[in-house]
Every structure is written in structure tokens, then in C-alpha cells.
Amino acid sequence: MLTGLIVIFGLLLLKLVFQVGLNSLNQRHVIANQDEIPEAFKGQIDKETYGKSTAYTLAKSKFESFELVFDTVLLAAVLWFLPKIYGAFTGLIGITVWQQTIVFIALSVVLSLPAIPLEWWEQFKLEEKFGFNKSNIKLWVTDKFKGALIGFALGAPLLYALLKFIDKFPTYWWLFGFILLFSFQLLMMVLAPMIIMPLFNKLSPLPDGELKDRLMALSDKTGFKAKTIQVIDGSKRSGHSNAFFTGFGRFRRIVLYDTLIDQLNTDELEGVLAHEIGHYKLGHVPQMLCIFGVSGFLGFWLLYWLSSNDWFYVQFGFEMIDGKVPALLLFSLSSGLFTFWLTPLTNLWSRKNEFQADAFAKNALSNADPLIRALRVLSEKNLSNLNPHPFYSSFYYSHPTIQEREKALLK
Ligand code: ZN
């Protein structure tokens with residue numbers, strides 16, 4: 001067998017064993033604590049809701065493990081047959097720049113098909129069972145088609161441009177490719193809430209009234225000076241609630257889910273808004289862009305270096321063919337096997353930012369109570385796992401656990 005494939009299959013197996021093992025560690029931890037409501041939640045959450053959150057956590061975790069096995073087998077099969085599939089597609093279509101664009105897109109579509117039944121099961125079986133599914137088959141199918149069309153409309157020109165760069169600038173295409181993709185990311189941060197999200201959801205300004213007055217006053221007081229606060233109809237698809245901050249500079253905006261507004265009172269919503277404003281005021285967006293920028297730059301350089309070496313193609317069963325598409329395909333399929341191990345680092349950084357935004361909210365409201373109450377209500381309504389295994393949460397959680405956040409807020 002080819003060395004490249006052996007290494008990749010080894011990494012696939014290592015990642016699978018690690019992830020399924022970590023899931024089962026977390027499951028055992030949850031089961032061991034399922035009879036006793038955690039100290040911090042006594043009097044806050046009833047036995048029935050606690051039981052439901054445990055059942056939801058376990059059901060999701062088992063589903064994830066199944067999905068991991070499924071994805072691993074699929075990816076192994078795809079990598080094994082990739083040279084043959086690629087050969088068949090190019091034989092059919094050809095290898096000029098636009099033909100290669102079509103080959104790449106056609107392959108991506110084919111490769112995304114096997115996951116669809118799992119996505120359906122997650123939405124209409126798992127989420128449904130716990131009362132979170134608000135979507136229906138018609139909406140779900142429409143979403144899939146819309147998503148694919150938008151992916152095509154945005155992805156095809158980008159891919160075409162990248163392949164054109166490869167063709168015209170054999171030494172510097174990776175630099176131009178990086179600049180193109182990074183600028184696109186920046187543009188999407190501004191345009192997505194204006195153009196893409198409205199294709200799926202209704203975004204409307206928060207209606208006039210006490211809530212709006214209080215939130216706008218808070219926004220002015222903290223120096224955020226929002227022009228508008230938007231509400232998104234997340235309840236169209238899911239009962240889960242959320243709030244997010246997006247864009248930068250004068251394009252900054254805060255979006256609240258309608259489900260969030262239903263679940264929280266005005267004080268608690270102020271707590272959430274103050275937290276989101278904290279992310280902006282503390283410069284978390286430029287930080288994130290720096291991380292995107294550096295990792296994108298390194299990624300493109302690595303892709304360039306790998307694709308300039310003949311062994312890279314040979315080791316994965318490709319013949320010496322013109323074009324870099326095989327390298328692009330191999331890279332996009334297998335880079336996750338390496339970047340996965342950086343998950344705890346990026347999450348550590350993200351949790352640090354969450355603590356900072358919490359502290360900002362406490363300061364802005366001169367009181368930690370509204371945010372603490374909001375966090376408690378949200379973890380109850382979303383059936384969050386109140387007992388993650390510490391190793392599991394430090395690896396996967398982008399937000400500190402609610403106990404950790406409360407402890408820091410009360411300090
Ligand atoms: Zn946050």
C-alpha cells in the first residue's frame with residue numbers, strides 16, 4: 001500500500017479512537033452524576049428537567065459517535081478510490097480551468113450526499129424527541145437546495161479564480177489565493193447578515209418599547225452605539241436560543257434570536273447584550289481575524305509546498321497529471337486530521353474571551369446577577385449538559401461551563 005495513504009489511515013483511526021473514547025468518557029461521567037442535581041442548580045432546576053438534560057446529552061453523544069464512525073469509513077473509502085473517481089470525472093469532462101472547476105464542484109456535491117440521511121435523522125428524530133425541532137420536511141429540503149445553490153454561486157467563481165491563479169502564476173498563486181479568500185471572508189462577515197441570512201430567516205429590528213429603550217440605552221452607555229438591534233426568527237427551525245455579534249467597524253451588528261427574547265426577561269437580556277458588546281469592545285473580532293489570517297496564510301503555503309512535490313501525488317495513488325486539483329482535493333479532505341488536534345488551543349483562547357466578555361457585562365451593569373440568571377435560564381431551556389467531564393469540556397467547549405462562568409462572575 002502507498003505510504004501516504006497508510007499515514008492518513010493511521011491518523012484517521014487515531015482521531016476516531018480518541019473522539020469516540022472521549023465521548024464515552026463523557027457519557028460515563030454524565031451517567032455517574034445523573035441522580036444528583038449539581039449543587040449550583042439545586043432549587044433552580046427540577047428533577048424532571050435535569051433528567052431530560054441528561055437524556056438529551058446522552059442521546060446526542062451516542063449519535064455523534066455513530067456519525068464519527070460513519071464519517072471515518074466514508075472518508076477512508078473516498079481517499080482510497082479518489083484517484084479512480086477523479087480520473088473518471090476528468091475523463092468525462094476534461095482538465096482546462098473551467099472543466100476542473102466543474103470536476104471539483106461535482107465531486108464535492110457527490111461527497112456531501114451520504115451525510116444527508118444523518119442530518120435528517122438528527123433534526124427530525126433526535127431534536128424532535130426533545131422538543132427542539134420546529135422545522136418541517138418542506139422547509140428542510142428547501143434549505144438544502146438553497147444552501148447548495150448559494151454554495152455554488154459563491155464557491156464556483158472563487159474556485160475558478162484560484163485555479164486560474166495556479167495556471168497563470170505557478171510560484172505565487174498561493175499568495176494570491178490567500179489574499180482572495182481572506183478578503184472574501186472579510187466581505188462575508190459584513191454581507192452574510194445583510195444578504196445571505198435573510199434568504200433563510202426573517203431579520204427585523206427590535207420593535208419599539210421598553211425592551212428596545214433599555215437595550216439601546218445600554219448600547220449607548222457602553223460606547224457600542226448600535227444603530228439597530230436585530231431579531232432573527234430562529235424559532236422557525238429550532239427551539240434553541242442564541243445571540244450573536246457579527247461584522248466589524250461601522251458594519252457591526254448584534255442579532256438576538258426570537259427564542260431568546262421569549263425565554264429571558266428584560267434584565268437578563270441586558271446581561272446577554274452587555275456580554276455581546278463586551279466581545280466588540282475588547283477587540284475579539286480583530287483577534288479572530290488575525291488567527292484566520294495567519295492560519296490561512298500558513299495553510300495556503302503548505303498546500304503550495306505539498307502540491308509542488310511529485311511524491312505527494314504518487315503517495316496517494318495519483319498519476320503525474322497536469323493540474324493541482326488532486327492536491328486541492330486531498331488537502332481539503334484530509335487537513336482536518338491535523339487541525340483537529342488544535343481544537344483545545346482555539347477553544348482555550350475562545351473561553352478566555354468569554355470570561356472577559358462576562359466580566360465586561362458585570363462591569364457595565366455594575367452587577368453580575370442579570371447575566372448569571374440569563375445563563376441559568378438558557379442552560380435549562382437548551383438542556384445543556386450540566387456535568388461535562390472536565391477533559392471533555394476543556395477539549396471541545398468554546399464557552400466555559402456555566403459553573404465556571406458563575407464562579408468567575410461572583411469573584
Ligand atoms: Zn460570548
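A brief structural summary. Just so it is clear, the structure is predicted and the values come from calculations on it, not from any experiment.

### Observations regarding helix α9 (residues 266-281)
Okay, so step 1: End to end, α9 covers 22 Å across 16 residues, agreeing with the expected 22 Å (1.5 Å per residue, within 8%).
Okay, so step 2: For α9, a buried count of 13 out of 16 residues is recorded, marking the element as mostly surrounded by other parts of the structure.
Okay, so step 3: Between a side-chain oxygen at the N-terminus of α9 and the backbone nitrogen of Asp267 the separation is 3.1 Å; the capping residue is Asn265.
Okay, so step 4: Within two residues after α9, Gly283 carries a phi angle of roughly 75°, on the positive side.

### A few points about the pattern of salt bridges
Okay, so step 1: According to the stated counting rule, one finds eleven salt bridges in the structure shown.
Okay, so step 2: Glu119 is the partner of Lys144 in a salt bridge, and the nearest nitrogen-oxygen pair spans 2.5 Å. Of this pair, Lys144 sits in helix α5 (residues 137-168) while Glu119 sits in helix α4 (residues 116-129), placing them 25 residues apart in sequence.
Okay, so step 3: Look at Lys144 and you get partly exposed, because its relative accessible area is 32%.
Okay, so step 4: Overall, the relative accessible area of 29% leaves Glu119 in the partly exposed class.
Okay, so step 5: A salt bridge links Glu270 to Arg214, with the shortest nitrogen-to-oxygen separation between them at 3.0 Å. Taken as a pair, Glu270 in helix α9 and Arg214 in helix α7 (residues 210-221) lie far apart in primary sequence, 56 residues in all.
Okay, so step 6: On the accessibility criterion, Glu270 (13% relative accessible area) is buried.
Okay, so step 7: Ionic contacts of the salt-bridge type, sharing partners, join the residues Glu210, Arg214, Asp267 and Glu270 into one network.

### Topic: the sheet that holds strand β4 (residues 253-257)
Consider a sheet: its strands pair through backbone hydrogen bonds, and that pairing is either parallel or antiparallel.
Okay, so step 1: Pairing is mixed in the open sheet, where four strands are placed in the order β1-β2-β4-β3. The open sheet is flanked by β1 (203-205) and β3 (243-246), the only strands paired with a single partner. Taking each pair of neighbouring strands and ignoring which way they run, the sheet shows an average axis angle of 30°.
Okay, so step 2: Where β3 and β4 come together, four bridges link them in antiparallel fashion. When the bridges of β4 are listed, Phe244 appears paired with Val255.

### Here we look at the coordination of the zinc ion
Geometrically, a metal with four donors at the corners of a regular tetrahedron has ideal angles of 109.5 degrees, and one with six donors at the corners of a regular octahedron has ideal angles of 90 or 180 degrees.
Okay, so step 1: All of the protein donors around the zinc ion are His275 (NE2), His279 (NE2), Glu354 (OE) and Glu354 (OE); their distances to the metal are 2.1 to 2.7 Å.
Okay, so step 2: If you look at the zinc ion, its four donor atoms make angles of 51 to 135° with each other, and the shape they trace is irregular.
Okay, so step 3: Sequence spacing of the donors to the zinc ion: H-x3-H-x74-E. With His275 in helix α9 and Glu354 in helix α14 (residues 343-364), this pair connects stretches of sequence that are 79 residues apart. Exposure class is identical for His275 and Glu354. Each is buried.

What counts, and at which threshold
Residues numbered from 1 in each chain as written. Predicted model: local features only at pLDDT ≥ 70, side-chain atom pairs only at ≥ 80, totals over all residues. Heavy atoms only, no water. Helix = DSSP H or I, 4+ residues; strand = E, 2+ residues; numbered from the N terminus. Expected span 1.5 Å × (residues − 1). Buried < 20%, exposed > 50% of the residue type's maximum accessible area, 1.4 Å probe, protein only. Polar contact = N/O pair within 3.5 Å; in protein donor to acceptor, adjacent residues only side chain to side chain. Salt bridge = Lys/Arg side-chain N within 4 Å of Asp/Glu carboxyl O. Pairing = 2+ DSSP bridges. Axes fitted to C-alpha atoms, helices over the stretch in contact; angles between N-to-C directions. Donors = N, O, S within 2.8 Å, 3.2 Å for Na, K, Ca; no water. Tetrahedral: all angles 85-135°; square planar, octahedral: opposite > 155°, others 65-115°.

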